[in-house]
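Chains, contacts and geometry: an overview
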Amino acid sequence: MTTEEAAPHDLESAVAVVGMSGRFPGAPDLDTYWANLRDGVCSLSAFTEKELLADGADPADLSNPAYVPAHGYLADADRFEAELFGFNRTEAAALDPQHRVLLESAWAALEDAGYAPLDAPSRTGVYVGGSPTEHSLAAATDPALAASIGALQVRILTDRDFLAPWISYRLGLDGPSMTVQTACSTSLTAVHLAVQALLLGECDAALAGGVAIGNVRKQGYVHYQGGIFSPDGRCRPFDEKAAGTVPGSGVGVLVLRRLEDALADGDPVRAVIRGTAVTNDGAGKVGFTAPGVDQQTAAITEAWAAAGLEPSAAQYLEAHGTGTELGDRIELEAASAAFGSGGDIALGSVKSNIGHADAAAGAAALIKTILMLEHGTLAPTVDVTSPVTALQDSPLRLVTQAREWPGGPGLPRLAGVTSVGIGGTNVHVVVQEAPQRGAGASAAAEPTVLPLSARTDAQLALVAARLAARLREADAPSLADVANTLRTGRVGMPVRAYVVAAGAREASDKLTALAEGDRDTARDPLGEAWLRGEEVTWPALDAGVRRVRLPAYPFAGESHGALTLRSPVATAAPESESESELEARVAELVIEALDLDGRAGLERTYFEAGGDSLTAVHLAGRLRDELAIDVPIQLFLEPITLKDMMTRIVETKEHGSADGALDALLSEFEAES
């Protein structure tokens, strides 16, 4: 199906996936994720006792014979480029790792769609959800942290309620912003809600997905007989030996737009969502945590009806597939009833590769399916040696070896993705391969400026090297499309460079040289203005230029750790012994509230040091409660150094001053918390 052949019905009721980002066990990006899936790699980690103890495991837990030292571990989940998103180090350390990773993934997904993350389409909505975390629990039960930054600040930096609002706020997205929670089906439910919002006109673009990072530490779990967790650290969906799932971490975000809008605007469509549906089992099951057959079947049939297709048109089903005996049996029964008895429909489950990513499981499954559609390849479900006999009487055939996914002369490649949540929320999404994209802009007839930027020299070198590699690939986009995407689809950052080239090969060579420290000798007036940090109005490029997928920004944040129930948060000690006790105490509060590097930071103003209104209210409250100093709230707004501000605070104590507005403001925040 080409763009021109897309039926009017498809355009009116379909939603395009124009960008994706994800991090999963063994895969810091989607290229690695796909390579692992294609090659049948099991990315579940088996930890040594030394690794577990080094990450704080309780020796008593490790001595338990039922302890399984395995997990779908997400590396570097403690790292975060806080400054890029406007957080100081104190806030970043308190911010839940789920929030940090989700923010970076939202940024990368917009870049994948060819949109600058701080200049996304108007009315962009956010629909995401997350899992419970040890960090959040530790923060909520730590009185020292509440005393340090304030109870309200602790909540908004750690509570799952604020996953979506933080993205909307930090990226300036003004569409609906909803944190979604339906347990294991959270992220696919988020996709369903985003699709419905787009079709109803509630937003014009949407970020949808989920995150699950229960803990950044290496850890295992305890296997209980009859429980949902595997006794050997492996997940075997639809296998006779299936005995449970393995907990895992991950994050996945998709950028969605109405298909007709995406095609009209030249977006890089990666797949098309034809229909979605959500049901709940209600009381029609043996227990609250047990799945039900009828409403799983209904979710599938309703989604395909919404797509205007019969379920028999499916060629592949990405199942929830937890690898539990009851869950797999019921899901197989429900799917068989929905898809009928005819045809051979390929079946798989990504949980065999990465474990059960809880709130991010549906996004992991949908992204896997889209990658298979893009590559025309069915990825295997791993660690399966004896598929269940019930498959013999169903239309489903478990994929255990990678194989080609042939396209047919009639319908395009079509797949269904199912997600099931504890509590009974079932979701099914019908996804179709993207329409073929016509040729891009013609090759540049004259030299073209490619502007690059990053926060550091090292990151700029990575940006250049990755773009150079992309331009050397067989399916590299035209240079005009690359230039258009770099100019309109990236955020301008402090460290800048540019190259001037008339073709992809020349551009790749110059970018490689730039990555190695050699700047392009060619000069361009607009390029020089770009280097100076000016706002550049780039000239129009050839007709037909469009957005294309280019390597995303290489995040390089430091480790901000994670709170744990086993390690209390340390508090800063006073630095000065020569000052009066009051002066030392005021300095301690200011340095702690703003997370300054000692007294050197006191030469900046409050806002230059990263202060904001909420921190001002909290700091004023601590000065009042702990030192009996009523500080005028206006003091934080004055353009004076923190050192001078501290002098004024001490003088306020000595001479007395009151601010009735502060009391009212504090009361308001206390009521909200």
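What you are looking at is a predicted structure, and each value in this text was computed from that prediction instead of being measured. (Residues numbered from 1 in each chain as written. Predicted model: local features only at pLDDT ≥ 70, side-chain atom pairs only at ≥ 80, totals over all residues. Heavy atoms only, no water.)

Within the structure shown, the criterion is met by 15 aromatic pairs. Considering the side-chain rings of Phe85 and Trp107, the 5.6 Å spacing of their centres and the 75° angle between planes classify their relative orientation as edge-to-face. Within this pair, whereas Phe85 is found in the loop between strand E5 (79-80) and helix H5 (89-94), its partner Trp107 is found in helix H6 (residues 97-112), the two being separated by 22 residues in sequence. Where Trp304 meets Phe339, the ring centres are 6.4 Å apart and the plane angle is 80°; that geometry is what we call edge-to-face. Here Trp304 is found in helix H13 (residues 293-306), whereas its partner Phe339 is found in helix H14 (residues 325-339), with 35 residues between them in sequence. The exposure class assigned to Trp304 is buried, which follows from its relative accessible area of 0%. Taken together, the aromatic side chains of Phe80, Phe85, Phe87, Trp107, Trp166, Tyr169, Tyr553 and Phe555 make up a single cluster linked through ring pairs. Residue placement shows Lys285 over the ring face of Phe288; its charged tip is 5.6 Å from the ring centre. Residue placement shows Arg496 over the ring face of Trp530; its charged tip is 3.9 Å from the ring centre. (Phe/Tyr/Trp six-rings, centres within 6.5 Å; stacked < 30°, edge-to-face > 60°. Helix = DSSP H or I, 4+ residues; strand = E, 2+ residues; numbered from the N terminus. Buried < 20%, exposed > 50% of the residue type's maximum accessible area, 1.4 Å probe, protein only. Lys NZ or Arg CZ within 6 Å of the ring centre and 35° of its normal.)

All right, on to empty space enclosed by the protein then. Unoccupied space between atoms shows up once a probe the size of one water molecule is rolled over them. On inspection of all chains with the given rule, the structure shows two cavities of 30 Å³ or more. Counted as a void, the largest cavity has a volume near 90 Å³. Around the largest cavity, the lining residues are Asn88, Thr90, Glu91, Ser148, Ile149, Gln153, Ala593, Leu614, Thr615 and His618. Looking at the lining of the largest cavity, the elements with two or more residues in it are H5, helix H8 (143-149) and helix H22 (613-627). When residues in the lining of the largest cavity are grouped by element, the largest group, three residues, is from H22. Here the residues of the lining of the largest cavity are counted per class, giving three nonpolar, six polar and one charged. What the second largest cavity holds in volume is close to 50 Å³. As for the second largest cavity, its lining consists of Asp96, Pro97, Thr133, Glu134, His135, Ile213, Gly214, Asn215, Val216, Ala562 and Leu563. (1 Å grid on protein atoms, 1.4 Å probe; cavity = no way out; pocket = protein on both sides within 12 Å on 5 of 7 lines; lining within 4 Å. Points joined across faces, edges and corners; volume = space filled by probe spheres on them. Nonpolar A, V, L, I, M, F, W, Y, C, P; charged D, E, K, R; others polar.)

Turning to the pattern of salt bridges, a few remarks are in order. Summed over all chains, the structure comprises 37 salt bridges. One salt bridge in this structure joins Arg123 and Asp204, with 2.8 Å as the shortest N-O distance. Taken together, the residues Arg123 in the loop between H6 and strand E6 (124-130) and Asp204 in the loop between helix H11 (186-200) and strand E8 (205-212) connect sequence positions 81 residues apart. For Arg123, a relative accessible area of 32% puts it in the partly exposed group. When its relative accessible area of 19% is taken as the criterion, Asp204 is described as buried. For Glu588, the salt bridge identified is with Arg585, shortest N-O distance 2.9 Å. In this pair, Glu588 and Arg585 are both assigned in helix H21 (residues 581-594), three residues apart and thus about one turn of the helix distant. Note on Arg585: relative accessible area 23%, which makes it partly exposed. Among the charged side chains, a network of salt bridges with common partners joins Arg585, Glu588, Glu592, Arg622 and Glu626. (Salt bridge = Lys/Arg side-chain N within 4 Å of Asp/Glu carboxyl O.)

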